[in-house]
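Survey of secondary and tertiary structure
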Amino acid sequence: FLSSCLVVIIGSLAWTANAQRGFESDKTRVVNTFKNASPQSVGDSNIIFLLNFLDKYGDQIQLTTDQRSRVNNIVSQYNAEKAKQPLVDGVPPQGGWFTKLVRALVVQLGIELASEGIKKATGA
């Protein structure tokens, strides 16, 4: 019994450490991509990466009320649009549907987050 408890505890600690490394790695990519960006300089794959980052960690990072509202709105629009996209060989297409306005909004949000630094919320 004791050995199985130890296995569970060690596994849980390893998973938590790996999840934290994943967040830190993703955060670093977002900051490096968006800190000196413009809508024209950011490719669709980096916009998709930011949207997926915000979808995954948006409720775990420190955001102002305005930023949280924009994150929720943009991520909801992205997920709704993604759900409508046809599959090509069983895989959704990469980008291509971003309007200039959506691109500008997402990049502006990314620039804001990158310039302020992305921090995990206390207790997250």
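The coordinates are above.
What you see is a predicted model; the values in this text were computed from it and never measured. (Residues numbered from 1 in each chain as written. Predicted model: local features only at pLDDT ≥ 70, side-chain atom pairs only at ≥ 80, totals over all residues. Heavy atoms only, no water.)

1. Concerning the nonpolar core
Counted only if it meets this: Only buried residues count toward a nonpolar core. Its members are Ala, Val, Leu, Ile, Met, Phe, Trp, Tyr and Cys residues joined through side-chain atoms within 4.5 Å. For each residue, the accessible area found with a 1.4 Å probe, counting protein chains only, is set against the maximum for its type, and the residue is called buried under 20%, exposed over 50%, and partly exposed in between. Strands are runs of DSSP state E lasting at least two residues, helices are runs of H or I lasting at least four, and both sets are numbered from the N terminus onward. By definition in these notes, contact holds between two residues if any of their heavy atoms fall within 4.5 Å.
Counting residues in hydrophobic clusters, the biggest one holds 26 residues, and the most contacted among them are Val 30, Phe 34, Phe 53, Leu 54, Ile 61, Val 106 and Ile 118. Secondary structure elements with two or more residues in this core: α1 (2-34), α2 (44-57), α3 (65-84) and α4 (100-116). Looking at this core, the element that brings in the most residues is α2, giving eight residues. Ignoring any residue separated from it by four or fewer positions in sequence, one finds Phe 53 in contact with Phe 23, Asp 26, Lys 27, Val 30, Gly 58, Ile 61 and Ile 118.

2. A short note on the packing of aromatic side chains
Rules: Pairing of aromatic side chains here covers Phe, Tyr and the six-membered ring of Trp, requires ring centres within 6.5 Å, and sorts the geometry by plane angle: under 30 degrees stacked, over 60 edge-to-face, intermediate tilted. Each ring is checked for a lysine NZ or an arginine CZ that lies within 6 Å of its centre and within 35 degrees of its normal; such an atom marks a charge sitting over the ring.
Scanning the model with the defined rule gives three aromatic pairs in all. When the centroid spacing of 5.0 Å and the interplanar angle of 50° are considered together, the rings of Phe 53 and Tyr 57 count as tilted. Taken together, the positions of Phe 53 and Tyr 57, both in helix α2 and four residues apart, correspond to about one turn of that helix. Classification of Phe 53 by relative accessible area gives buried; the value is 2%. With a relative accessible area of 4%, Tyr 57 lands in the buried category. For Arg 29, the ring lying beneath its charged end belongs to Phe 49, and the centroid distance is 3.8 Å.

3. Here we look at the environment of Phe 23
For Phe 23, the location among the structural elements is in helix α1. Those residues in contact with Phe 23, other than ones at most four positions away along the chain, are Phe 53, Tyr 57, Ile 61, Ile 118 and Lys 120.

4. Topic: the side chain of Glu 112
To keep things clear, this is the line we draw: Any pair of N or O atoms that falls within 3.5 Å is considered a polar contact. Within protein, one atom must be able to donate a hydrogen and the other to accept it, and sequence-neighbouring residues count only if both atoms are side-chain atoms.
Secondary-structure assignment places Glu 112 in helix α4. Within the structure, the side chain of Glu 112 is placed 2.8 Å from the side chain of Arg 70, a separation counted as a polar contact. With residues up to four places along the chain from it excluded, the contact list for Glu 112 reads Gln 67 and Arg 70.

5. Observations regarding α2
As a reminder of what qualifies: To estimate how far a helix should extend, the number of its residues minus one is multiplied by 1.5 Å.
The end-to-end C-alpha distance of α2, which contains 14 residues, comes to 20 Å, matching closely the 20 Å that a straight helix rising 1.5 Å per residue would cover. Listing the buried residues of α2 in full gives Ile 47, Ile 48, Phe 49, Leu 50, Leu 51, Phe 53, Leu 54 and Tyr 57.

6. Points about α3
With 20 residues, α3 should cover 28 Å at 1.5 Å per step; its first-to-last C-alpha distance of 29 Å lies within 8% of that length. Of the surrounding elements, those touching the buried residues of α3 are α2 and α4.

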